[in-house]
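Results of the structural survey
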Amino acid sequence: MLPALPTWREIGPEIKAEAVELPFHVLTKDSQMTFDVVDNKVRRIYYGSRLTRPDDVLAVGSSSSTLFYPTRMDAMGPWENATGEWDISITQGDGTNSLDLVYDSCLRARPHPGVELVAIVLRDTYYPIRVSLYVLAHDESNVFEQWVKIENLGSKHVTIDYGATCHLQVQASRYYVTSFRGTWGGESLLREEEVQQGNCLTLRSDVGVRTAQEGTPGFVLALDHPAQEETGEVYLGALAWSGNYIMNFQHSAYGKMFASWGVDMQEAPYRLGPGQILVLPRAILTHSMHGKGEASRQMHRWARRCGIRDGHQERMTLLNSWEGAYFTYDESLLQTMMERAAGLGVELFVLDDGWFAKKYPRDNAQAGLGDWVVNASKLPNGFETLIQRGREKNIQFGLWVELEMVNPKSELYENHPDWVIQLPHRDQRVERNQLILDLSNPEVQQYVIDCMDRLLSANPGIVYIKWDCNRKIADPGSLFLSSQCQKNLFIDYINGYYKTLEAITCRYPHVVFQACASGGGRADYGAMAFHHEFWTSDNTDPYERVFMQWGIGHIFPAIAIASHVTVSPNRQTGRQTSLKFRFDVASTGRLGFELRPQDMTPKETEFAKLALETYKSIRPVVQFGDLYRLRSPYATGEAALMYVWTSTDNGKQRAVVFACMLQKLLATRAAPVQLRGLHPGKRYYIRELNVDESGNRINLSGVEVGGDFLMNHGIPFQFSQAIQSALVEITEV
């Protein structure tokens with residue numbers, strides 16, 4: 001694996017930069033982005049595959065799109081596409097909705113080998129507004145990050161009415177957009193649709209927080225035909241933002257596609273005071289001429305190096321207590337769960353909800369949120385006994401928190417009712433028996449930081465935090481913000497959330513953080529700058545997880561995708577599945593458990609021990625390997641994917657193949673699954689993993705064959721009925 005790179009947050013003013021003249025090229029291993037100035041407007045005259053002679057694109061620069069459209073009229077200008085789209089709209093201090101940005105200067109730097117930073121500064125020709133566009137190019141992964149800084153240099157307030165971070169303007173015969181929409185219990189479900197000429201497809205979420213619940217802020221844009229895995233031109237993009245977002249895909253009457261994405265300010269324009277700065281969230285973008293499979297692999301490589309925390313470090317297997325204990329437990333039950341989990345080979349025990357509050361103990365979902373002190377009636381010795389018992393059994397300890405929320409029935413709310421998000425003169429609308437703390441308020445931020453500081457400093461044995469967030473913003477009012485800045489809440493809350501997490505994670509860098517928000521509500525790269533992984537969905541049914549994990553895997557690498565083995569019948573859907581199927585599905589992400597190990601039969605216990613050992617042996621392949629999607633569950637009644645990883649010890653390849661039959665007719669026979677990513681001239685040893693009493697699913701286990709055979713002929717899987725699976729290891733000999 002490659003070492004981590006500095007993230008955008010770690011690139012500060014001390015970076016040595018040099019002034020450059022336009023035009024110039026920003027080059028990565030396989031991609032090229034070229035900028036020029038035409039009529040004092042900065043244009044991105046090319047973004048695509050790296051050319052043998054990069055200067056060839058300068059011949060067509062005059063007809064390219066403006067890098068950053070400041071007004072609708074600019075987008076309708078003589079050189080443009082007449083789509084009516086624009087990136088930013090500002091109402092000036094005199095009430096005029098006007099912005100005329102022209103080129104001012106450009107700096108570029110190399111803050112780290114393999115990373116190039118470009119800062120393009122634009123200024124208004126009359127009003128005191130400066131806009132800086134930053135482009136951060138990653139050579140090895142072919143990923144570009146772009147973000148925007150808006151500065152009010154005047155003496156009057158201005159209002160930012162619209163603020164996209166980035167846009168693409170491309171031309172092809174047809175356009176297909178893949179999105180990852182969802183809801184609670186069904187997150188990140190893949191959907192592809194063609195955007196017809198003259199139409200606009202809009203993807204958005206406006207619930208304030210846990211916005212990825214309604215759809216992960218990412219997309220695949222395929223040109224000319226539906227997205228293929230390994231062929232065709234595609235752009236894969238994402239937005240690093242945990243709040244309201246909007247992504248527009250406008251297919252103009254002239255046949256061009258204008259795609260833009262950024263913060264959704266439609267109902268909440270941002271008021272920017274004199275001397276103030278607003279930084280819009282990062283857009284993340286990669287281009288591929290070899291299908292969405294290559295685009296995903298590029299995004300994953302970037303993510304493991306600098307998009308998620310510690311993406312170069314293996315993730316532990318864990319047992320979360322929620323579905324095994326819910327709110328009802330004592331120290332004895334938890335110790336038994338920990339000991340049995342350790343006996344299986346689990347490396348971490350996470351105590352979920354129900355451990356806190358004194359006056360209003362957290363015995364159900366109706367009380368206690370906000371009062372982050374241990375409930376002595378459940379845990380008379382605090383966490384120390386559990387942590388110490390874990391050390392003895394070689395299992396570490398983690399904890400669930402939901403620090404952004406408060407129950408009305410809590411000491412915190414009794415003492416600080418002004419700290420919650422609320423509208424004056426209106427009844428507060430309680431959702432899930434809770435209200436949201438106002439993280440736009442620095443005093444509230446500090447309270448949350450202090451709560452975590454007390455917990456982690458007093459209990460250094462806590463090595464993992466599951467950070468939850470379980471409701472949306474329904475009453476968008478702040479007693480902290482001024483009356484003129486009430487609509488700033490949606491952005492200031494998320495920036496306050498980031499500021500809070502940054503303070504905590506910098507103070508406790510060794511603690512692993514999971515982003516949870518009613519399931520997958522924070523599966524976004526904004527949150528992942530402070531977290532190591534996310535909880536994909538509260539729906540743990542492995543059958544349905546196949547679809548969700550297939551979708552989210554387009555944007556995020558397996559190391560960030562938490563997937564747990566739970567009981568059967570499943571608690572959410574009632575569907576019955578074999579323990580093998582549950583393990584196989586969970587083994588395609590970060591493997592965990594959510595059950596009572598003491599309730600498992602001896603036969604299940606023995607299988608689980610072996611399956612855990614198996615996962616640990618293939619963990620580097622799954623968590624650091626390149627993903628190849630082989631057979632889509634959305635297109636067939638089957639699913640198949642594989643991870644390919646090259647060992648840093650001997651330079652040889654290892655691969656793991658997951659395949660399953662989801663639906664089956666009696667007479668159907670699935671075709672062999674052709675593998676990808678192997679060396680055709682190398683030899684590989686095949687071994688089937690997690691075999692249970694139902695027998696092998698392949699007849700090649702224990703056989704050595706060539707890479708060309710595996711990629712051309714493939715592996716025939718023998719599934720006799722629906723909801724059967726196979727896990728296969730491929731090792732270069």
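Summary of the structure given here.

Criteria and cut-off values
Residues numbered from 1 in each chain as written. Predicted model: local features only at pLDDT ≥ 70, side-chain atom pairs only at ≥ 80, totals over all residues. Heavy atoms only, no water. Helix = DSSP H or I, 4+ residues; strand = E, 2+ residues; numbered from the N terminus. Rg over C-alpha atoms; globule rule 2.2 N^0.38 Å. Buried < 20%, exposed > 50% of the residue type's maximum accessible area, 1.4 Å probe, protein only. Contact = heavy atoms within 4.5 Å. Areas by Shrake-Rupley, 256 points an atom, 1.4 Å probe, with all protein chains shown as cover. Lys, Arg positive; Asp, Glu negative; His and termini not counted. Charge placed at Lys NZ, Arg CZ, Asp CG, Glu CD. Pairing = 2+ DSSP bridges. Axes fitted to C-alpha atoms, helices over the stretch in contact; angles between N-to-C directions. Arc of directions from axis to C-beta. Phe/Tyr/Trp six-rings, centres within 6.5 Å; stacked < 30°, edge-to-face > 60°. Lys NZ or Arg CZ within 6 Å of the ring centre and 35° of its normal. Salt bridge = Lys/Arg side-chain N within 4 Å of Asp/Glu carboxyl O.

1. Describing the overall build of the protein
Along its length, the protein carries 12 helices and 36 strands. Taking 2.2 N^0.38 as the reference for a compact globule, 733 residues should give roughly 27 Å; the C-alpha atoms of the protein span a radius of gyration of 26 Å, in line with that estimate. For the protein, the spread of C-alpha atoms along the three principal axes comes to 75 × 70 × 45 Å. Of all 733 residues assigned to the protein, the portion counted as buried reaches 63%. Put simply, of all contacts in the protein between residues at least 6 apart along the chain, 70% involve residues at least 24 apart. Total accessible area on the protein is roughly 26,700 Å²; 48% of this is exposed by carbon and sulfur atoms. Charge-centre separation for the protein: the mean point of 72 positive side chains lies 3 Å from the mean point of 85 negative side chains.

2. Some thoughts on the sheet that holds strand β33 (residues 653-661)
With antiparallel pairing, the six strands of this open sheet are ordered in space as β31-β32-β33-β36-β34-β35. Every interior strand has two partners, whereas the edge strands, β31 (626-631) and β35 (704-706), have only one. The sheet shows a mean angle of 25° between the axes of neighbouring strands, direction not considered. Pairing geometry for β31 and strand β32 (residues 638-646), over five bridges, is antiparallel. Looking across to β32, one finds that Tyr628 is bridged to Met642. Against the sheet, helix α10 (residues 579-586) makes contact with β33, β34 (683-689) and β36 (724-732), and its axis sits at roughly 50° relative to β36, the strand it touches most. Sheet strands touched by helix α11 (residues 602-624): β31, β32, β33, β34 and β36. Its angle to β33, the strand with the most contacts, is close to 100°.

3. Brief notes about helix α5 (residues 384-393)
Every buried residue of α5 is accounted for by Leu386, Ile387 and Gly390. Buried positions in α5, seen along its axis, are confined to an arc of 100° and lie on one side of it. At the C-terminal side of α5, Asn394 shows a positive phi close to 65°.

4. Points about the side chain of Thr28
Locating Thr28 in the fold gives a position in the loop between β2 (24-27) and β3 (31-38). Among the residues examined, Thr28 registers a relative accessible area of 0% and is labelled buried. Beyond its immediate sequence surroundings of up to four residues, Thr28 is in contact with Arg50, Ala137, His138, Asp139, Asn142 and Phe144.

5. Thoughts on the packing of aromatic side chains
Scanning the model with the defined rule gives 29 aromatic pairs in all. Seen in terms of ring centroids, Tyr126 and Tyr127 are 4.8 Å apart; in terms of plane orientation they differ by 90°. Their pairing is edge-to-face. Taking 5.7 Å as the distance between ring centres and 40° as the angle between the ring planes, the aromatic pair formed by Phe383 and Phe397 counts as tilted. With a gap of 14 residues between them, Phe383 in the loop between β22 (348-351) and α5 and Phe397 in strand β23 (residues 396-401) connect regions that are remote in the sequence. A residue is classified by how much of its surface remains accessible, and Phe397, at 1% relative accessible area, is buried. Above the ring of Tyr329, the side-chain terminus of Lys378 is found at 4.8 Å from the ring centroid. A cation over a ring is seen here: Arg522 above Tyr497, with NZ or CZ 3.7 Å from the ring centre.

6. Examining the pattern of salt bridges
As enumerated under the stated definition, the model contains 38 salt bridges in all. Between Arg123 and Asp104 there is a salt bridge, with its nearest N and O atoms 3.3 Å apart. With Arg123 in strand β8 (residues 115-124) and Asp104 in strand β7 (residues 101-112), the pair connects residues that are 19 residues apart, well separated along the chain. Note on Asp104: relative accessible area 39%, which makes it partly exposed. Residue Arg282 is joined to Glu145 by a salt bridge in which the shortest nitrogen-to-oxygen separation is 2.7 Å. Here Glu145 lies in strand β10 (residues 143-152) and Arg282 lies in strand β20 (residues 277-288), a separation of 137 residues in the sequence. Take Arg282 and Glu145: they sit in the same class, and that class is buried.

Any link to function would need more than the numbers given here.
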